Each structure stands twice: as C-alpha cells, then as structure tokens.
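Below, each chain spelled out in residue letters.
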Amino acid sequence: MLLDCKPGSSIIAFKPVSAGAMTTYKLTYFNMRGRAELARYIFAYANIDFEDDRVEWKDWPSIKDSFPLGQLPVLEVNGIALTQSLAIARYLAKEAGLLGNNNLEEAQTNSLVDTLNDFTLAIPWREAHPETKAQKIDQLFQSNAPLLLDHLQWHLGDRKWLVGNSMTWVDLYWHVCFTTFNVLRPGFTDHHPTLCALIKRLEEVPSLARWIQSRPETEF
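Attention in this report is confined to the structure presented alongside it. (Residues numbered from 1 in each chain as written. Predicted model: local features only at pLDDT ≥ 70, side-chain atom pairs only at ≥ 80, totals over all residues. Heavy atoms only, no water.)

Some points on the overall build of the protein chain
For step 1, the next point in the chain: The helix and strand tally for the protein chain stands at eight helices and four strands.
For step 2, the next point in the chain: Secondary structure elements in the protein chain, listed N-terminal to C-terminal, are β-α-β-α-β-β-α-α-α-α-α-α.
For step 3, the next point in the chain: Relative to the compact-globule value of 17 Å for 220 residues, the protein chain shows a C-alpha radius of gyration of 17 Å, a close match.
For step 4, the next point in the chain: Along the first, second and third principal axes, the C-alpha set of the protein chain runs to 50 × 45 × 35 Å.
For step 5, the next point in the chain: The buried share of the protein chain, taken over its 220 residues, is 44%.
For step 6, the next point in the chain: Total accessible area on the protein chain is roughly 11,500 Å²; 51% of this is exposed by carbon and sulfur atoms.
For step 7, the next point in the chain: In the protein chain, 21 side chains carry a positive charge and 26 a negative one; their mean positions are 1 Å apart. (Helix = DSSP H or I, 4+ residues; strand = E, 2+ residues; numbered from the N terminus. Rg over C-alpha atoms; globule rule 2.2 N^0.38 Å. Buried < 20%, exposed > 50% of the residue type's maximum accessible area, 1.4 Å probe, protein only. Areas by Shrake-Rupley, 256 points an atom, 1.4 Å probe, with all protein chains shown as cover. Lys, Arg positive; Asp, Glu negative; His and termini not counted. Charge placed at Lys NZ, Arg CZ, Asp CG, Glu CD.)

Points about the packing of helix 4 (residues 103–122) against helix 6 (residues 169–184)
For step 1, the next point in the chain: As a packed pair, helix 4 and helix 6 sit with axes 9 Å apart at the nearest point and diverge in direction by 15°. In terms of orientation, helix 4 lies roughly parallel with respect to helix 6. The element helix 4 and its partner helix 6 pack so that their crossing is left-handed. Contacts between helix 4 and helix 6 pair Thr109, Asn110, Leu112, Val113, Leu116, Asn117, Phe119 and Thr120 from the former with Trp169, Val170, Tyr173, Trp174, Cys177 and Phe181 from the latter. (Axes fitted to C-alpha atoms, helices over the stretch in contact; angles between N-to-C directions. Parallel < 35°, antiparallel > 145°, perpendicular 65-115°, else oblique. Left-handed = near helix turned anticlockwise from the far one by under 90°. Contact = heavy atoms within 4.5 Å.)

With respect to the pairing of strand 2 (residues 51–55)
For step 1, the next point in the chain: Examined bridge by bridge, strand 1 (residues 25–30) and strand 2 share five bridges and lie parallel to one another. Paired with Lys26 across the two strands is Glu51, which belongs to strand 2.
For step 2, the next point in the chain: Once you follow strand 1 into helix 1 (residues 37–45) and on to strand 2, the crossover reads as right-handed. (Pairing = 2+ DSSP bridges. Right-handed = clockwise from strand over helix to strand, strands pointing away.)

Observations regarding the pattern of salt bridges
Where charged atoms from two side chains of opposite charge come close, those side chains can pair.
For step 1, the next point in the chain: Taken as a whole and judged by the stated rule, the model has seven salt bridges.
For step 2, the next point in the chain: Between Arg215 and Glu37 there is a salt bridge, and its shortest N-O distance comes to 2.9 Å. You can see Arg215 sitting in the segment after helix 8 (206–214) and its partner Glu37 sitting in helix 1, a full 178 residues away along the chain.
For step 3, the next point in the chain: Between Arg40 and Asp52 there is a salt bridge, with its nearest N and O atoms 3.1 Å apart. Of the two residues, Arg40 is situated in helix 1 and Asp52 in strand 2; the sequence distance between them amounts to twelve residues.
For step 4, the next point in the chain: Given the relative accessible area of 0%, Arg40 is considered buried.
For step 5, the next point in the chain: Here the salt bridges share partners, and the residues they tie into one network are Glu37, Arg40, Asp52, Arg54 and Arg215. (Salt bridge = Lys/Arg side-chain N within 4 Å of Asp/Glu carboxyl O.)

Focus: the pairing of strand 4 (residues 80–83)
For step 1, the next point in the chain: Direction of pairing for strand 3 (residues 74–77) relative to strand 4: antiparallel, over a ladder of four bridges. Pairing of Val77 across the sheet is with Ile80, part of strand 4.
For step 2, the next point in the chain: Linking strand 3 to strand 4, which pair antiparallel, is a turn of two residues; within it Asn78 sits at a positive phi near 50°.

Section: the sheet that holds strand 2
For step 1, the next point in the chain: Read from one edge to the other, the open sheet built from four strands follows the order 2-1-3-4, with strand pairing classed as mixed. Two strands bound the open sheet, and with one partner strand each, they are strand 2 and strand 4. The average angle at which neighbouring strand axes cross in this sheet is 20°, direction not considered.
For step 2, the next point in the chain: Contacts from helix 1 reach strand 1, strand 2 and strand 3 within the one sheet, and its direction differs from that of strand 1 by about 145°.

None of the figures reported here should be taken as evidence of function without further support.
Next comes the structure, spelled out in structure tokens:
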C-alpha cells in the first residue's frame, strides 16, 4: 500500500522558545521557503528563538546593496553576518547537535545534503518560457528523480533516519526538499514508501509540526 506523503497534518501553532540573551539570530530572506527554509527548520527543531525577517520582492532592489554580495539569505549572529544557505544551515546544525554523532556520520550527512542540493539547483527556476520550463522539469523528474530517490531509500534502509540512529540536518533537508518537489510533481515519492514514512516521522516531531503549521503559506 502506498503512503500519502502530503506534508502537514494535525499540528499546532508555532511559538519559539528563547535561546537566551547571550546569542541573537536574525535570518533575512524573501517571503518564501526557498534557500532559507532549512535554517528555519533547524531553529524550529531546536526551539531557538530567531528573527524571521522576510523581504518582499518589491522592496528588494532598494535594499539589495546593503547585503553582502547583494544576496540572500543572510544570518546575523550577534550582529555578525553569515552568507550562503548551506553554510548557514551547517553552522546552525552544529549548534543544534544535528551534524551526526561522529566524523563519518558528519561526512555522510554532508554528502546527502549536497546530493539533494544538486537536484534542487538543477530545477530550471529561471527559465522564462513556460513550455520549455515544463519540459525541463518533466525530464528532470523522469530521468534524475528516480536515481535520487533510490539512493536516499538505499541510504535509509530499515533505519528511522537517513544517517545513523538519530536525526540529523539532512533529514530536515529532505522534508524541505520534498515539500518543494511535491509542488512540482505531486506524488513523486509514491514508489518509495520508506521515504514517505520518513516525511511522516518528521512531521510528528512537535517543534517541527508547530513550525510547519504556523509558517506563512507560500508556493515555494
């Protein structure tokens, strides 16, 4: 029997718990999940308070030059700016104890994060022609997605989590990516039931469930 992998169900509103007065976090990104959502998941999972600063597209041209490299996301830690989405997430994963339980597990999580990221970057986000964009997405999900899903399912095996015996940041990234990929190709994981079960397992984590339920609704 195939599992229903639709994200988010029976979950309550999110209210973060303060991380303390010594460290302050401000995450600036556009009003979408996009490249900042993995960092938001880590904050939510670890119950770390942060300022979720969302920039509207209409305002971006007037403030772009005030950010390093003219890019987002940017994470400010006690006023010190960090750039690059995966570097930000990796730093937060270390703070939250989500890198893995040893050096090998850390390397495995990095490898799987990069694998998911490669697929994400292959999506033709900036293709302007609708027909061409749809054709490229079709080809990606027909040719590349099965390889990705087979690899993830093989790595998961009969364990609860993708690496080792405890949750790591790659489990969170899988949920982030799944949510976006499922918009582009609903049901794309239907033939990979253990990956569907991992999605459900993550959505049963109370702190993640609260975030997923309460975050602003955006397409991507």
